[in-house]
Amino acid sequence: MHLSIAVVASLAVITPTFALPAFSGSQLKSAADAVPGESSLFVNYQGKKTPLASNYTKVSPATGSGPAGADDLLFQNLLSAEWVIYSFYQRAVEYFSASDFTKLGFPNNTYERIVEIRDNEAGHVRIFQDQISKNSITPGPCTYTYGFNQLAKPNSTKEFLALQVLLEVSSMAFLTGLANQADLNISKSALMAIGQVESRHNTWSLIDVYNVSPFLRPLGYRLPLRKPDPGSDQHNLPRFTFNPKTTTARPGSTLEFVFQAKPTFAADKDYWAVFYHDLNQVSVPYDPKKNVATIPKEFDSKVGVIMVNIADEKDAPTEDSVVAGPLIILEQPGSLTLLLD
Ligand SMILES: *[C@@H]1O[C@H](CO)[C@@H](O)[C@H](O)[C@H]1NC(C)=O
Ligand SMILES: *[C@@H]1O[C@H](CO)[C@@H](O)[C@H](O)[C@H]1NC(C)=O
Ligand SMILES: *[C@@H]1O[C@H](CO)[C@@H](O)[C@H](O)[C@H]1NC(C)=O
Ligand SMILES: *[C@@H]1O[C@H](CO)[C@@H](O)[C@H](O)[C@H]1NC(C)=O
């Protein structure tokens, strides 16, 4: 029903679609020279093997010692997040086959589409890598654990499909929010272009997998991310989740917050749960003794994300006013059931 997400984001490129056959092993060897926007490896290659050449699947140390590029840090963060997403799809491509989806009644091109999304995400890895200057390190992937791998089929298949929506919605929201942090105008348009591709991945799933309306509210997804305030030391705020047994996690329902490590709340201070939904921001009083807050009922229930922070000032006007969070809640289509708790 919910997940608290660290950072997920990814990038996009608009590429023409060619009806090319799957690449053979010898063609894959030329992947080292493949460029997103030119190579069909990042569009409709159907192999189980990664479309990424081996020299692009690891960390690349800085080779220069001059000043970092203006948006190096932004793209390092995005690349780290993109590794999570690309690897999620790559693992699915290796783990599933077309019949896993048709057995559950999904369209017979479901696996093919997932492979194509993997290709796009690999292209995003390459685009982010190329945006980082030679004076900065280019992050490589880590070892990731995804919930779907720990279940047996067909539960893992359904879990994967639900997580897929979660990742795409989160990507779109993060990319839009992160545009505020880009210094270069070209970085802003790159983030927008990539968000559009993630939106297509999500649209495909809503139509073909979940058979629901793919349309959104007018504003789509956005997370209120901004550059850290200078001098602020708010990097490791206490995180929290909510008790899924006591709520529908829909607008109007009450959330019971669960802390791993509860922050210290001063007895003589007022606290607020600050909810964000696209451009909307609503603060509701928060009682640290009860740990409950109600999701504003004026938010709509379309697929999307709602974010909540706990702050010691109404509307959390500064980063330092935030005492815990963020919690990101995915609003799902009615027919979509996440097996996660
Ligand atoms: C990867 O290999 C290709 C082909 O040899 C080369 O053009 C490219 O610069 C290499 N990239 C990195 C990051 O090592
Ligand atoms: C895939 O599904 C479509 C639409 O239901 C159908 O027309 C087509 O024959 C199917 N293809 C295969 C290979 O089963
Ligand atoms: C799939 O999940 C259901 C519901 O949690 C459970 O009852 C069932 O045993 C699971 N199936 C497998 C094969 O693990
Ligand atoms: C970005 O675009 C704005 C509006 O056109 C312009 O004022 C600004 O100088 C540009 N910034 C950079 C870094 O090019």
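Note on numbering: residues in each chain are counted from 1, in written sequence order. Whichever chain is written first becomes A and whichever ligand is written first becomes 1, with later ones labelled in order. Given that the model is predicted, a residue must reach a pLDDT of at least 70 before its local features are reported, and side-chain atom pairs must reach 80 or more before they are shown or counted; all residues, however, enter totals for whole chains, interfaces and linings. To get the side-chain values, take all heavy atoms of the structure and skip hydrogens and water.

Per an unreviewed UniProt entry, the chain is named Stress response protein rds1p, and its organism is Penicillium chermesinum.

Moving on, we get to the overall build of the chain. Only runs of H or I of at least four residues qualify as helices and only runs of E of at least two qualify as strands under DSSP, and these elements are numbered from the N terminus. Helices and strands together make up the secondary structure of the chain, namely six helices and seven strands. Across the chain, helices and strands are ordered from the amino to the carboxyl terminus as α-α-α-α-α-α-β-β-β-β-β-β-β. Restricting the contact set of the chain to residue pairs at least 6 apart, pairs at least 24 apart contribute 76%. Of the roughly 15,800 Å² of accessible surface on the chain, 54% is carried by carbon and sulfur atoms. In what follows, residue pairs with any heavy atoms lying within 4.5 Å of each other are defined as contacts. Only the protein chains shown count as cover for residues, with accessible areas throughout obtained via the Shrake-Rupley method and a probe of 1.4 Å.

Our focus in this paragraph is the site of ligand 1. Consider each residue's heavy atoms; a residue with any of them within 4 Å of a molecule or strand counts as near. The environment of ligand 1 is made up of Ala32, Asp33, Asn55 and Tyr56. Definition of a polar contact: a pair of N or O atoms within 3.5 Å, with one able to donate and the other able to accept a hydrogen when the atoms are protein atoms, and with sequence-neighbouring residues admitted only if both atoms are side-chain atoms. Here a nitrogen atom of ligand 1 and a side-chain polar atom of Tyr56 are 3.1 Å apart. Calculation on ligand 1 without its partners gives an accessible area of 360 Å², and the protein chains cover 44% of this total. Here the shell around ligand 1 is composed, by residue class, of two nonpolar, one polar and one charged. Residues are grouped as follows: Ala, Val, Leu, Ile, Met, Phe, Trp, Tyr, Cys and Pro are nonpolar; Asp, Glu, Lys and Arg are charged; every other residue, Gly included, is polar.

Of note, the bond from Lys153 into Pro154 is cis; its omega dihedral lies within 30 degrees of zero at 5 degrees. The topology assignment puts Pro154 in the loop between α4 (110-131) and α5 (155-178). In the segment running from Gly325 into Pro326, the intervening peptide bond is cis, with an omega of 0 degrees. Tracing the sequence through the fold places Pro326 in strand β7 (residues 322-331). Backbone geometry places Asn211, a non-glycine residue, at a positive phi of 55 degrees. Inspection of the secondary structure puts Asn211 in the loop between α6 (185-209) and β1 (240-242). Summary of the burial criterion: residues with accessible area below 20% of their type's maximum are buried, those above 50% are exposed, and those between are partly exposed, where the area comes from a 1.4 Å probe applied to protein chains only. On the basis of relative accessible area, Asn211 is assigned to the exposed category, the value being 69%. We note that Ala249 has phi near 60 degrees; this positive angle belongs to a residue other than glycine. The buried category is assigned to Ala249, whose relative accessible area is 6%.

Moving on: α4. With 22 residues, α4 should reach 32 Å at 1.5 Å per residue; the first-to-last C-alpha distance of 32 Å fits that figure. Burial runs high along α4: 18 of the 22 residues are buried. To estimate the expected span of a helix, subtract one from its residue number and multiply by 1.5 Å.

Attention shifts here to the packing of helix α2 (residues 72-95) against α5. The axes are straight lines fitted to the C-alpha atoms, using for helices just the contacting stretch, and the angles between their N-to-C directions are given from 0 to 180°. Where α2 contacts α5, the axes come no closer than 12 Å and their chain directions differ by 160 degrees. By the angle between their directions, the pair α2 and α5 is classed as roughly antiparallel. Considering the relative orientation of α2 and α5, their crossing is left-handed. In this structure, α2 contributes Leu74, Leu78, Ile85, Phe88, Tyr89, Ala92 and Tyr95 to the contact, and α5 contributes Ser156, Phe160, Leu163, Gln164, Leu167, Glu168, Ser171, Leu175 and Leu178. For the contact of α2 with α5, the per-class residue count stands at twelve nonpolar, three polar and one charged. Roughly parallel means an angle under 35 degrees; roughly antiparallel means over 145; roughly perpendicular covers 65 to 115; every other angle is labelled oblique. Crossing handedness: left-handed means the near helix sits turned counterclockwise from the far one by under a right angle, and right-handed means the same turn made clockwise.

Attention now goes to the sheet that holds strand β3 (residues 271-277). Taken together, the four strands give an open sheet; going across it, the order is β4-β3-β6-β7, and neighbouring strands pair in antiparallel fashion. Of all strands in the sheet, those with a lone pairing partner are β4 (280-286) and β7, marking the two edges. Strand-to-strand twist across the sheet, computed as the mean angle between neighbouring axes with direction ignored, equals 20 degrees. What makes two strands pair is DSSP finding at least two bridges between them. Direction of pairing for β3 relative to strand β6 (residues 304-311): antiparallel, over a ladder of five bridges. Bridge assignment links Ala273 to a residue of β6, and that residue is Ile310.

Let us now look at the pattern of salt bridges. Just to be clear on terms, a salt bridge is a Lys or Arg side-chain nitrogen sitting within 4 Å of an Asp or Glu carboxyl oxygen. In this structure the tally under the stated criterion is seven salt bridges. With a closest N to O distance of 3.7 Å, Arg113 and Glu112 form a salt bridge. Arg113 sits in the partly exposed class, given a relative accessible area of 26%. What makes Glu112 partly exposed here is its relative accessible area of 35%. With its nearest N and O atoms 3.1 Å apart, the salt bridge here joins Glu116 to Arg113. Placement of both Glu116 and Arg113 in helix α4 is noted, with a separation of three residues, approximately one turn of the helix.

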